[in-house]
Amino acid sequence: MSGDPNLAGSAPSSRGRGTRPMSGPAVVPPYPSRVDLHTHSCRSDGVLEPRQLVDVAAAAGVRVLALADHDTLAGVRELRAPSAPSLPLELVAGVEINSIASGIDGLWEGELHILGLGVDPASEEFEAALEKQRAARLIRFGLLIARLRDMGLPVDEGAAALTTAPGSSLGRPQVARLLVQAGHAPSVDAAMKELLARGKPAYVPRRGLGPLDAIAAIRAAGGLPSLAHFGDAPRRRDLVAALVSGGLGGLEVHYRHFDAETVAGMAALARDLQLVPTGGSDYHGDGETYAEAHAALFVPDGDAVALFGALGLAAPAFPAVVASGS
Ligand SMILES: [Zn+2]
Ligand SMILES: [Zn+2]
């Protein structure tokens, strides 16, 4: 048992980063990323409206963007609605499923996060699976709010407003923001680490899909399942290989919070296991603009090309890279 590595204190945030703390040299982007395959809007636990997110990503130079909200395609559907204005970039329909990996030791929060990239938003079967996930989130959310009330940290008013948005997906970051707004916590990160994380006083266990079920559901919806921000993957090769046997097709190699050594280890593992390398910012929007997150991100164009190939789509076009200083 290695416990929860992210609670060791040196990781940038306790949210969703199922990785060991990063301490080595940072990745230096050789050119501004034109690809970001992992972002969140306020249809789940991000802060920006889907269209705002698209616009700030395009302004930062992103050409291929996956909106991968937790357990919902609501944002993707809005952006692709016939009445919606045309998009300034290529949008990949994505979701992130925080799967419950019972019985596997040493995972952050006992979870493995699976991105579904290129899923079919019209799949009724997939939508039914996501709806179940969202229903479980709603129950967990209610339990959390009640627990906080009992602890003398009420956020009921803000919580009631949040639960009314249709198709949206609730998570702990929204609760953390309510705690900050109510003056009960100094920051979202502090609320997550001190109150809401596993083992902390307000923690409520998650219910929902396991990793193999999540992978199967994503495959059935035509998407590529990619294992998100699992920096321990090179040391947990057997676990990753078991997921590959279950249909895993991608590995998030170019994650914004990975140091250079981790990226190299992840890239080697992806090659060995013939997984499509994917990468993204995991931008939520707490305490930073998209441009700031993007400056620390490097996802090679090749990740998008490989993803589109795996999905049977024509490769996205990228302009030639202009070397800086020339
Ligand atoms: Zn995640
Ligand atoms: Zn995420």
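Because the structure is a prediction, the values reported are computed rather than measured. (Residues numbered from 1 in each chain as written. Chains lettered and ligands numbered in written order. Predicted model: local features only at pLDDT ≥ 70, side-chain atom pairs only at ≥ 80, totals over all residues.)

Draft legend 1. Local environment of the sheet that holds strand S2 (residues 64–70). Strands sit in the order S1-S2-S3-S4-S5-S6-S7 across an open sheet of seven strands; the sheet is mixed. Among the strands making up the open sheet, the edge pair consists of strand S1 (35–39) and strand S7 (276–280). For this sheet the average axis-to-axis angle between neighbouring strands, irrespective of direction, equals 30°. Packing of helix H7 (residues 211–220) onto the sheet brings it into contact with strand S3 (90–100), strand S4 (111–117) and strand S5 (224–227), and relative to S4 it is tilted by some 5°. Where helix H11 (residues 301–310) meets the sheet, it contacts S1, S2, S4, S5, strand S6 (250–255) and S7, and its direction lies at approximately 125° from that of S7. (Pairing = 2+ DSSP bridges. Helix = DSSP H or I, 4+ residues; strand = E, 2+ residues; numbered from the N terminus. Axes fitted to C-alpha atoms, helices over the stretch in contact; angles between N-to-C directions. Contact = placed C-beta atoms within 7 Å.)

Draft legend 2. How the structure looks around helix H6 (residues 188–196). For H6, the full list of buried residues reads Val188, Ala191, Met192, Lys193, Leu195 and Leu196. Its buried side turned inward, H6 meets helix H5 (172–181). (Buried ≥ 20, exposed ≤ 12 C-beta atoms within 10 Å, placed from the backbone.)

Draft legend 3. Structural detail: the pairing of S3. In terms of burial, S3 is largely enclosed, as nine of its 11 residues are buried. The sheet contact formed by S2 and S3 spans seven bridges and is parallel. By the bridge assignment, Asp69 is partnered in S3 with Val95. Of the crossover connections in this fold, the one passing from S2 over helix H2 (residues 74–80) to the parallel S3 is right-handed. In this sheet, S4 lies alongside S3 in antiparallel orientation, the contact comprising seven bridges. The partner of Glu96 across the bridge, within S4, is Leu115. (Right-handed = clockwise from strand over helix to strand, strands pointing away.)

Draft legend 4. The arrangement of the environment of Ala129 in detail. Locating Ala129 in the fold gives a position in helix H3 (residues 124–150). With 88 residues separating them along the chain, Ala129 and Ala217 place their C-alpha atoms 7.6 Å apart.

Draft legend 5. How the structure looks around unusual backbone geometry. Phi is positive for Asp71, close to 60°, though the residue is something other than glycine. Structurally, the position occupied by Asp71 is in the loop between S2 and H2. The residue His229 is not glycine, and still its phi comes out positive at about 30°. Positionally, His229 belongs in the loop between S5 and helix H8 (237–245).

Draft legend 6. Local environment of the packing of H5 against H6. Between H5 and H6, the shortest axis-to-axis distance is 8 Å and the interhelical angle comes to 110°. Judged by the inter-axis angle, H5 sits roughly perpendicular to H6. Side by side, H5 and H6 meet where Arg172, Pro173, Val175, Ala176, Arg177, Leu179 and Val180 of the first sit next to Val188, Ala191, Met192, Leu195 and Leu196 of the second. Per-class residue counts for the contact of H5 with H6 are 10 nonpolar, no polar and two charged. (Parallel < 35°, antiparallel > 145°, perpendicular 65-115°, else oblique. Nonpolar A, V, L, I, M, F, W, Y, C, P; charged D, E, K, R; others polar.)

Draft legend 7. Region of interest: the nonpolar core. Judged by nonpolar contacts, the single largest core of 69 residues is most densely connected at Leu65, Ile114, Leu227, Leu251 and Met266. In this structure, Leu148, Leu170, Val188 and Leu196 belong to the second largest nonpolar core, which totals 18 residues. (Core = buried A, V, L, I, M, F, W, Y, C linked by C-beta atoms within 7 Å.)

Draft legend 8. Looking closely at the environment of Asp286. Tracing the chain through its elements places Asp286 in the loop between S7 and helix H10 (290–295). Leave out the neighbours within four places in its chain, and Asp286 touches Val47, Pro173 and Val188.

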